[in-house]
Amino acid sequence: PLVFIPGEKRTHRSVYTGLSCCVSSTTVVLSVFQVSSEPNRAKGIVSLKDLCPDDKRRIANLIEELAKVSEEKEVSVQRLKDEHQNFEQKIQQLEEQNVMIAQERERNQCALLQLFFSNQHD
């Protein structure tokens, strides 16, 4: 049977076992597994208990790697959210500062106009 995992770039069908292994676009790569149970292989039904010990160990290692990558992803997503929030706060501060500068400029223009018109009447 051909194994398809959504998001995977490609699959590879093993000629020797009839199993497929997925080649991930991340760093996880499954190699060809050797099935120890002939009747199950003939039926196209394979479970973890049908795999040899080395393949079981590789699957365990891959699961650990997947957990590690998932955790790293969560940390990266949280870091991105934090940076986005900091960025939004800085934008808000700059917008407030821009409003204050515009108000100050307007006050200065009014004061300058008052000074100009008061000097014209003197």
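- In the nomenclature of an unreviewed UniProt entry, the protein corresponds to Zgc:162344 from the organism Takifugu rubripes.

### Focus: a negative patch on the surface
Here is step 1: A cluster of acidic side chains, namely Glu65, Glu71, Glu72 and Glu74, defines a negative patch on the protein surface.
Here is step 2: Structurally, the position occupied by Glu71 is in helix α2 (residues 53–120).

### Re the pattern of salt bridges
Here is step 1: Counted according to the given criterion, the structure contains 2 salt bridges.
Here is step 2: Linking Asp54 and Arg57 is a salt bridge whose minimum nitrogen-to-oxygen distance equals 3.4 Å. Of this pair, Asp54 and Arg57 both sit in helix α2, 3 residues apart, which is roughly one turn of that helix.
Here is step 3: One salt bridge connects Arg58 with Asp55, and the closest N-O pair in it is separated by 1.8 Å. Taken together, the residues Arg58 and Asp55, both in helix α2 and 3 residues apart, mark about one turn of the helix.
Here is step 4: Arg58 sits in the partly exposed class, given a relative accessible area of 28%.
Here is step 5: Judged by its relative accessible area of 1%, Asp55 is buried.

### As for α2
Here is step 1: The end-to-end C-alpha distance of α2 is 99 Å, a good match for the 100 Å that 68 residues give at a rise of 1.5 Å each.
Here is step 2: For α2, every residue scored as buried is listed here: Asp55, Ile59 and Leu62.

### Structural notes on the confidence of the model for the protein
Here is step 1: Per-chain confidence: the protein averages 75 in pLDDT, with 63% of residues scoring 70 or above.
Here is step 2: Taken as a whole, residues 1–32 scores under 50 in pLDDT and shows 56 contacts with residues more than four places along the chain or in a different chain.

### Notes on a nonpolar patch on the surface
Here is step 1: Where nonpolar side chains cluster on the molecular surface, the patch consists of Leu113, Phe116 and Phe117 and spans about 310 Å² of accessible area.
Here is step 2: Mapping Phe116 onto the fold places it in helix α2.
Here is step 3: Under the relative-accessibility criterion, Phe116 is labelled partly exposed at 45%.

Criteria and cut-off values
Residues numbered from 1 in each chain as written. Predicted model: local features only at pLDDT ≥ 70, side-chain atom pairs only at ≥ 80, totals over all residues. Heavy atoms only, no water. Patch = residues over 30% accessible without salt bridge, like charges linked within 9 Å, V, L, I, M, F, W, Y side chains within 5 Å. Areas by Shrake-Rupley, 256 points an atom, 1.4 Å probe, with all protein chains shown as cover. Salt bridge = Lys/Arg side-chain N within 4 Å of Asp/Glu carboxyl O. Lys, Arg positive; Asp, Glu negative; His and termini not counted. Charge placed at Lys NZ, Arg CZ, Asp CG, Glu CD. Helix = DSSP H or I, 4+ residues; strand = E, 2+ residues; numbered from the N terminus. Buried < 20%, exposed > 50% of the residue type's maximum accessible area, 1.4 Å probe, protein only. Expected span 1.5 Å × (residues − 1). pLDDT = per-residue confidence, 0-100. Contact = heavy atoms within 4.5 Å.

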